[in-house]
Amino acid sequence: MLKQRIITALILLPIALCGFFLLEGSGFALFIGLVVTLGAWEWARLAGFSAQLPRVVYAAVVAALAFLLYILPDIAPWVLGAAVLWWALATFLVLTYPRTSGKWSSVACKLVIGVLILLPAWQGLVEIKRYPMGNWLILAVMVLVWGADIGAYFSGRAFGKRKLAPAVSPGKSWEGVYGGLALTLVIALVVGVVRGWSVKEILLALVATAIVVFISVVGDLTESMFKRQAGIKDSSNLLPGHGGVLDRIDSLTAAIPIFAVLLWMTAS
């Protein structure tokens, strides 16, 4: 398994880096659209479709919606606004699982939720890319998510006692969340000092970091909740040793649109 993980990572990492940071405009949107389409194909399985045809059809519908959003950029604020509402609701659903699972257990409801997760992530990346320092901003949100994961892993192993959401993911603890948050706050603080930000800018960055980190945890837990409801361990086996695409981007699907909204609020 370790060998598979390493080989897969060595193949995918340069592809991902080139796609994220070298592509521009329609090429970038298409690259992210491919990732989202694969994620939609996996989500259809979580929603209850085991046959390939309905999974492919759902993925095609999500791809078509992403194309529609690309040619109608004025819709972007509404898509990102929907993401804010969805992730607020997802936080409630995760904290109350399995008591409230009956509210979203139908196939139709889960298909709609898949759209609310995947399309805003696509839209958020497209919007972030358009900023003057778009590549650095994309890297920033990734570093926050990765830093939160790393900090949570080591802090959780060393100090984890209080379960975060035992019915959803028994291995995660509040101590892990705090450790991940602490590491990312340090990263944000160091970046702010090195770049010569004002005290106000640093404080805003720290608040934004905390929001993005907490919502990234919700993104991770949300996919875990749907996988647990579906009775499956991985979203697919597309990535040998790593599971599926959704297993790799679950935290990012939540963090990216919220990060994009925070950027918009700061710039406006």
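Residues numbered from 1 in each chain as written. Predicted model: local features only at pLDDT ≥ 70, side-chain atom pairs only at ≥ 80, totals over all residues. Heavy atoms only, no water.

**Some details on the overall build of the protein chain**
Then comes step 1: Of regular secondary structure, the protein chain possesses nine helices and two strands.
Then comes step 2: Helices and strands appear in the protein chain in the N-to-C order α-α-α-α-α-α-β-β-α-α-α.
Then comes step 3: Its C-alpha atoms give the protein chain a radius of gyration of 18 Å, near enough to 18 Å, the size a compact globule of 268 residues would have.
Then comes step 4: In terms of principal-axis extent, the alpha carbons of the protein chain reach across some 55 × 50 × 40 Å.
Then comes step 5: For the protein chain, the residues scored as buried account for 47% of the 268 residues in total.
Then comes step 6: Pairs at least 24 residues apart make up 72% of the contacts formed inside the protein chain by residues separated by at least 6 positions.
Then comes step 7: Working note: accessible area of the protein chain is about 13,800 Å², and carbon and sulfur atoms make up 73% of it.
Then comes step 8: Here the protein chain holds 20 positive side-chain charges and 12 negative ones, and the gap between their average locations is 8 Å. (Helix = DSSP H or I, 4+ residues; strand = E, 2+ residues; numbered from the N terminus. Rg over C-alpha atoms; globule rule 2.2 N^0.38 Å. Buried < 20%, exposed > 50% of the residue type's maximum accessible area, 1.4 Å probe, protein only. Contact = heavy atoms within 4.5 Å. Areas by Shrake-Rupley, 256 points an atom, 1.4 Å probe, with all protein chains shown as cover. Lys, Arg positive; Asp, Glu negative; His and termini not counted. Charge placed at Lys NZ, Arg CZ, Asp CG, Glu CD.)

**As for the nonpolar core**
Then comes step 1: Residues Phe20, Trp43 and Trp87 are the most contacted members of the largest nonpolar core, which totals 68 residues.
Then comes step 2: At 13 residues, helix α9 (residues 245–267) tops the list of elements feeding residues into this core.
Then comes step 3: Leaving out residues up to four positions away in the same chain, Trp87 has contacts with Ile117, Ile215, Val218, Gly219, Thr222, Thr253, Ala254 and Pro257. (Core = buried A, V, L, I, M, F, W, Y, C linked by side-chain atoms within 4.5 Å.)

**Here we look at helix α3 (residues 52–71)**
In an α-helix there are 3.6 residues to a turn, and that puts residues three or four apart on one side.
Then comes step 1: Given a rise of 1.5 Å per residue, 20 residues ought to cover 28 Å, and the 29 Å separating the end C-alpha atoms of α3 matches this to within 8%.
Then comes step 2: In this fold, the buried residues of α3 make contact with α2 (25–47), α4 (76–95) and α5 (107–129). (Expected span 1.5 Å × (residues − 1).)

**As for the pattern of salt bridges**
Then comes step 1: Within the structure shown, the criterion is met by five salt bridges.
Then comes step 2: Here Arg130 makes a salt bridge to Glu127, at a shortest N to O gap of 2.7 Å.
Then comes step 3: Exposure remark for Arg130: the relative accessible area of 46% places this residue in the partly exposed category.
Then comes step 4: Between Arg162 and Glu175 there is a salt bridge, and its shortest N-O distance comes to 3.2 Å. Separated by 13 residues along the polypeptide, Arg162 in the loop between α6 (134–159) and β1 (163–165) and Glu175 in helix α7 (residues 174–194) bring together distant segments of the chain.
Then comes step 5: Residue classification places Glu175 among the buried positions, given a relative accessible area of 15%. (Salt bridge = Lys/Arg side-chain N within 4 Å of Asp/Glu carboxyl O.)

**Describing the packing of α2 against α9**
Then comes step 1: Contact pair α2 / α9: the axes reach a minimum separation of 10 Å and the direction vectors enclose 105 degrees. Taken together, the axes of α2 and α9 are roughly perpendicular relative to one another. Of the residues in α9, those in contact with Val35, Leu38, Gly39, Glu42, Trp43 and Leu46 of α2 are Val245, Leu246 and Ile249.
Then comes step 2: Classifying every residue of the contact of α2 with α9 gives seven nonpolar, one polar and one charged. (Axes fitted to C-alpha atoms, helices over the stretch in contact; angles between N-to-C directions. Parallel < 35°, antiparallel > 145°, perpendicular 65-115°, else oblique. Nonpolar A, V, L, I, M, F, W, Y, C, P; charged D, E, K, R; others polar.)

**As for the packing of aromatic side chains**
Then comes step 1: This structure, assessed with the given rule, holds eight aromatic pairs.
Then comes step 2: Pairing Phe20 with Phe21 gives two aromatic rings, centres 6.2 Å apart and planes at 45 degrees, and the pair type is tilted. Grouping residues by exposure puts Phe20 and Phe21 together as buried.
Then comes step 3: Through pairs of rings, three or more aromatic residues link up here, namely Trp43, Tyr97, Trp104 and Phe226.
Then comes step 4: The lysine or arginine in question, Arg55, covers the ring of Trp41, its NZ or CZ lying 3.9 Å from the ring centre. (Phe/Tyr/Trp six-rings, centres within 6.5 Å; stacked < 30°, edge-to-face > 60°. Lys NZ or Arg CZ within 6 Å of the ring centre and 35° of its normal.)

**Side note on α2**
Then comes step 1: Its 23 residues place the ends of α2 32 Å apart at the C-alpha level, agreeing with the 33 Å of an ideal helix rising 1.5 Å per residue.
Then comes step 2: Once α2 finishes, Gly48 follows within two positions and takes phi at roughly 125 degrees, a positive value.

**Some points on the UniProt feature "transmembrane region" (unreviewed entry) in the protein chain**
Then comes step 1: As annotated in UniProt, the feature "transmembrane region" (unreviewed entry) corresponds to residues 28–44, 56–72, 78–97, 104–122, 134–155, 176–196 and 202–221 in the numbering used here.
Then comes step 2: As a span, residues 78–97 carries 90% helix and 0% strand, and end to end its C-alpha atoms are 28 Å apart.
Then comes step 3: A helix fraction of 84% and a strand fraction of 0% characterise residues 104–122, whose end C-alpha atoms lie 23 Å from each other. (UniProt positions renumbered as here; feature names shortened; annotations may be inferred.)

**Here we look at the environment of Val186**
Then comes step 1: Along the chain, the position of Val186 falls in helix α7.
Then comes step 2: Residue Val186 is classed as partly exposed on the basis of its relative accessible area of 48%.
Then comes step 3: In this structure the C-alpha to C-alpha distance between Val186 and Thr222, which are 36 residues apart in sequence, comes to 26 Å.

**Quick word on the pairing of strand β2 (residues 169–173)**
The side chains of a regular strand alternate, first on one face of the sheet and then on the other.
Then comes step 1: By the bridge criterion, two bridges tie β1 to β2 in an arrangement that is antiparallel. If you follow Lys163 over to β2, its bridge partner there is Ser173.
Then comes step 2: Linking β1 to β2, which pair antiparallel, is a turn of three residues. (Pairing = 2+ DSSP bridges.)

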